[in-house]
Amino acid sequence: MRTRILLPLVCVLGLGACSPSRNDTAANACSAEIGKRMNGRSFTLDLKDIAEHAKTEAADTVLLKSTVVMDKGLPSEDKQSFECRVRFDAS
């Protein structure tokens, strides 16, 4: 009987651990928006670093700050800092 209860509980907890965190979701949303604004220019972001340094501003808002590297390794390489606010909608 104990095994019947324990196995589903372990499976549910295991699946929950694999889902992206709120900060990971916010970092991906910022990356997607930056990509839209690059007009085809190549860019590099460290999503893991961005997510690790995210700050909660309100119950539904996360502030992300980092640097985007454009045209990495080319003579036109440029770095620019950015701030991105992501608001989560409960619905």
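Note that residues are indexed from 1 along each chain, following the sequence as it is written. Given that this is a predicted model, residues contribute local features only at a pLDDT of at least 70 and side-chain atom pairs are listed and counted only at 80 or more, while totals for whole chains, interfaces and linings are drawn from all residues. Hydrogen atoms and water are omitted, and side-chain values are computed over all heavy atoms in the structure.

## Let's talk about the overall build of the chain
Heads up, the condition is: Secondary structure elements are defined from DSSP: runs of H or I of at least 4 residues count as helices, runs of E of at least 2 residues count as strands, and each element is numbered from the N terminus. Should any heavy atoms of two residues lie within 4.5 Å, those residues are counted as being in contact. Only the protein chains shown count as covering a residue, and every accessible area follows the Shrake-Rupley method with a 1.4 Å probe.
When helices and strands are tallied, the chain shows three helices and four strands. Written out in order from the N terminus, the α and β elements of the chain read α-α-β-α-β-β-β. Excluding contacts between residues fewer than 6 apart, the proportion of contacts in the chain whose partners are at least 24 apart in sequence is 48%. Accessible area of the chain: about 6,900 Å², with a carbon and sulfur share of 56%.

## Here we look at the environment of Ala58
Short version of the rule: Working definition: with a 1.4 Å probe on protein chains only, accessible area under 20% of the residue-type maximum means buried, over 50% means exposed, and in between means partly exposed.
Looking at the element boundaries, Ala58 is found in strand 2 (residues 55–58). The class for Ala58 is partly exposed, based on a relative accessible area of 33%. A sequence separation of 29 residues divides Ala58 from Arg87, and the C-alpha atoms of the two residues are 8.9 Å apart.

## Side note on unusual backbone geometry
One non-glycine residue, Asn39, adopts positive backbone phi at about 50 degrees. Structurally, Asn39 is set in the loop between helix 2 (22–37) and strand 1 (43–44). Even without glycine at this site, Asp71 takes up a positive phi of about 50 degrees. Tracing the sequence through the fold places Asp71 in the loop between strand 3 (61–70) and strand 4 (78–87). A relative accessible area of 11% places Asp71 in the buried class.

## Notes on the state of the cysteines
To be explicit about the condition: Only a pair of cysteine sulfur atoms within 2.5 Å counts as a disulfide in this structure description.
Counted by the stated rule, this structure contains one disulfide. The side chain of Cys30 participates in a disulfide bridge whose partner is Cys84; the two sulfur atoms lie 1.8 Å from each other. Measuring the twist about the S-S bond at about -95 degrees, one finds the Cys30-Cys84 disulfide to be left-handed. Residue Cys30 is found in helix 2, and its partner Cys84 is found in strand 4; the two are separated by 54 residues along the sequence. Look at Cys84 and you get buried, because its relative accessible area is 15%.

## Details of helix 2
Rules: Working rule for helices: expected span equals 1.5 Å times residues minus one. Throughout, the arc means the angular range of directions from the helix axis out to the C-beta atoms.
With 16 residues, helix 2 should cover 22 Å at 1.5 Å per step; its first-to-last C-alpha distance of 23 Å lies within 8% of that length. Residues of helix 2 that are buried include every one of Ala26, Ala27, Cys30, Ser31 and Ile34, and no others. One face of helix 2 carries all of its buried residues, which in axial projection span an arc of 140 degrees. Buried residues along helix 2 sit in contact with strand 1, helix 3 (47–52), strand 3 and strand 4. Positive phi shows up at Asn39, right after helix 2, with a value of about 50 degrees.

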